[in-house]
Amino acid sequence: MGDEAEAEAPLVVGLQPSAMVDTIALVDSSFLDGIPGERGGSIPVGIEELDYILSELKEDSGQKTIAGGSVANTIRGLRTSFAIPAAIIAAYGDDRQGNLFLKNMSFNGVNISCLRKKKGHTAQCVCLVDHSGNRTMRPCLSNAVKVQAHELVRDDFKGSKWLVLRYAILNLEVIQAAISLAKQEGLLVSLDLASFEMVRKFRAPLLKLLESGNIDLCFANEDEATELLRDEHNADPVAAVEFLAKYCKWAVVTLGHNGCIAKHGKQMVRVPAIGEAKAIDATGAGDLFASGFLYGMVKGLSLEECCKVGACSGGSVTRSLGGEVTLENRQWMYKQMQIRDLRMPDVICK
């Protein structure tokens, strides 16, 4: 698949300033009690804390190490599950983790022509999954190489239709530079709100970004949506999607086992979750939901159909450990799409 990806102009390009490698592991509640921060969220840690967490993991935790990061998960999902030409802009280090990220993206057919190799460390993240399938993330970005705002050029976005971003205060400058160049090239921009901690701590710059009118599509989960409206009396998902839709053409709030709610113009839809009964690990569920939704957007599907494809895709990744969809779960997703009479990808990836 790798050689084909370089030949096609990517329809979707993702910016993840720092390439990342995820270590996913199953843990019990007592393990989570021993690490700082709230469960279910994502709080940056230093290298010492990351090393400590990794050293404490038991041998039977089913550890899995893969190329990760929210945007990378979405881009890889678009390519592998939906045969959408997709590229990633990221910097990776001259280390073992950087090589793993490069090989994984290339093997999965992602266009890697915009990857930048730099001298230094590749970002890492430990994803701790409890027995209910909920995940707690601890990314380590300290000293990690990253793409800087001045390094981006219009050619990074030329010929694409969508730019995929994830909100992060440390990446705000490069995010703004990417949006500016992408808009010059006529791209639509998708933004994921990242984590409830990120929204809680850096709500003002996020609101400014939304109010700019440059975010066409916004994804938030229920916790992020609640934080966004924390000063409002009515902070339910419907209010959140209404709020986001004031600034974005398309607004989506995912609700875990309760599915999702989305709004475009005057149309609002609610779609149930798919595959929740078999959920093993929620890692990547939102990222892969975005893959399915963006596939629907690229193919011109209705708002409800976009949500349904997103639900099939998000449901598929929760059936095993990690943010990468296995072949078996991809086949399960195609079956769910066929049952619901949804448009199948032009090429079924086997």
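You'll find the structure just up there.
Quick summary incoming for the structure in this document. (Residues numbered from 1 in each chain as written. Predicted model: local features only at pLDDT ≥ 70, side-chain atom pairs only at ≥ 80, totals over all residues. Heavy atoms only, no water.)

1. With respect to the overall build of the protein chain
Okay, step 1: Along the protein chain, the regular secondary structure elements total 13 helices and 13 strands.
Okay, step 2: A compact globule built from 350 residues would reach a C-alpha radius of gyration of about 20 Å, and the protein chain, at 19 Å, matches this within 12%.
Okay, step 3: Projected onto the principal axes, the alpha-carbon positions of the protein chain cover approximately 50 × 45 × 45 Å.
Okay, step 4: Considering the protein chain as a whole, with its 350 residues, one finds that 57% of them fall into the buried category.
Okay, step 5: Of the contacts formed within the protein chain by residues at least 6 apart in sequence, a portion of 76% connects residues at least 24 apart.
Okay, step 6: Placing the 38 positive and 43 negative side-chain charges of the protein chain at their respective mean positions leaves the two points 5 Å apart. (Helix = DSSP H or I, 4+ residues; strand = E, 2+ residues; numbered from the N terminus. Rg over C-alpha atoms; globule rule 2.2 N^0.38 Å. Buried < 20%, exposed > 50% of the residue type's maximum accessible area, 1.4 Å probe, protein only. Contact = heavy atoms within 4.5 Å. Lys, Arg positive; Asp, Glu negative; His and termini not counted. Charge placed at Lys NZ, Arg CZ, Asp CG, Glu CD.)

2. Description of the sheet that holds strand β6 (residues 123-129)
Okay, step 1: Ordered by their spatial adjacency, four strands build an open sheet running β3-β2-β6-β7, and the pairing between neighbours is mixed. With partners counted over all chains shown, the strands left at the sheet margins are β3 (64-68) and β7 (135-140), one partner each. Strand-to-strand twist across the sheet, computed as the mean angle between neighbouring axes with direction ignored, equals 25°.
Okay, step 2: Relative to β6, strand β2 (residues 20-26) runs parallel, the two being bridged by seven bridges. Bridge pairing links T23 to V126 in β6.
Okay, step 3: Across the sheet, helix α5 (residues 96-107) touches β2, β3 and β6, and the angle it forms with β3 is around 70°. (Pairing = 2+ DSSP bridges. Axes fitted to C-alpha atoms, helices over the stretch in contact; angles between N-to-C directions.)

3. Section: the packing of helix α12 (residues 303-317) against helix α13 (residues 327-339)
Geometry of a packed helix pair, given as the angle between the helix axes and the separation of the axes.
Okay, step 1: Where α12 contacts α13, the axes come no closer than 9 Å and their chain directions differ by 155°. On the basis of the axis angle, α12 is roughly antiparallel to α13. Viewed along their axes, α12 and α13 form a crossing whose handedness is right-handed. On the side of α12, the interface is formed by V309, C312, S313, G315 and S316, while α13 contributes N329, W332, M333, Q336 and M337.
Okay, step 2: Class assignment of the residues belonging to the contact of α12 with α13 gives a composition of five nonpolar, five polar and no charged. (Parallel < 35°, antiparallel > 145°, perpendicular 65-115°, else oblique. Left-handed = near helix turned anticlockwise from the far one by under 90°. Nonpolar A, V, L, I, M, F, W, Y, C, P; charged D, E, K, R; others polar.)

4. Some thoughts on the packing of aromatic side chains
Okay, step 1: Applying the stated criterion across every chain yields a total of six aromatic pairs.
Okay, step 2: With a centroid separation of 6.0 Å and an interplanar angle of 55°, the aromatic rings of W162 and W250 are classed as tilted. Pair noted here: W162 is in strand β8 (residues 162-166) and W250 is in strand β11 (residues 250-254), with a separation of 88 residues, a long-range link. Each member of the pair, W162 as well as W250, is classed as buried.
Okay, step 3: Pairing F243 with Y247 gives two aromatic rings, centres 5.4 Å apart and planes at 75°, and the pair type is edge-to-face.
Okay, step 4: Taken together through their ring pairs, the aromatic side chains of F219, F289 and F293 make up a single cluster. (Phe/Tyr/Trp six-rings, centres within 6.5 Å; stacked < 30°, edge-to-face > 60°.)

The values are spatial; any link to function lies outside them.
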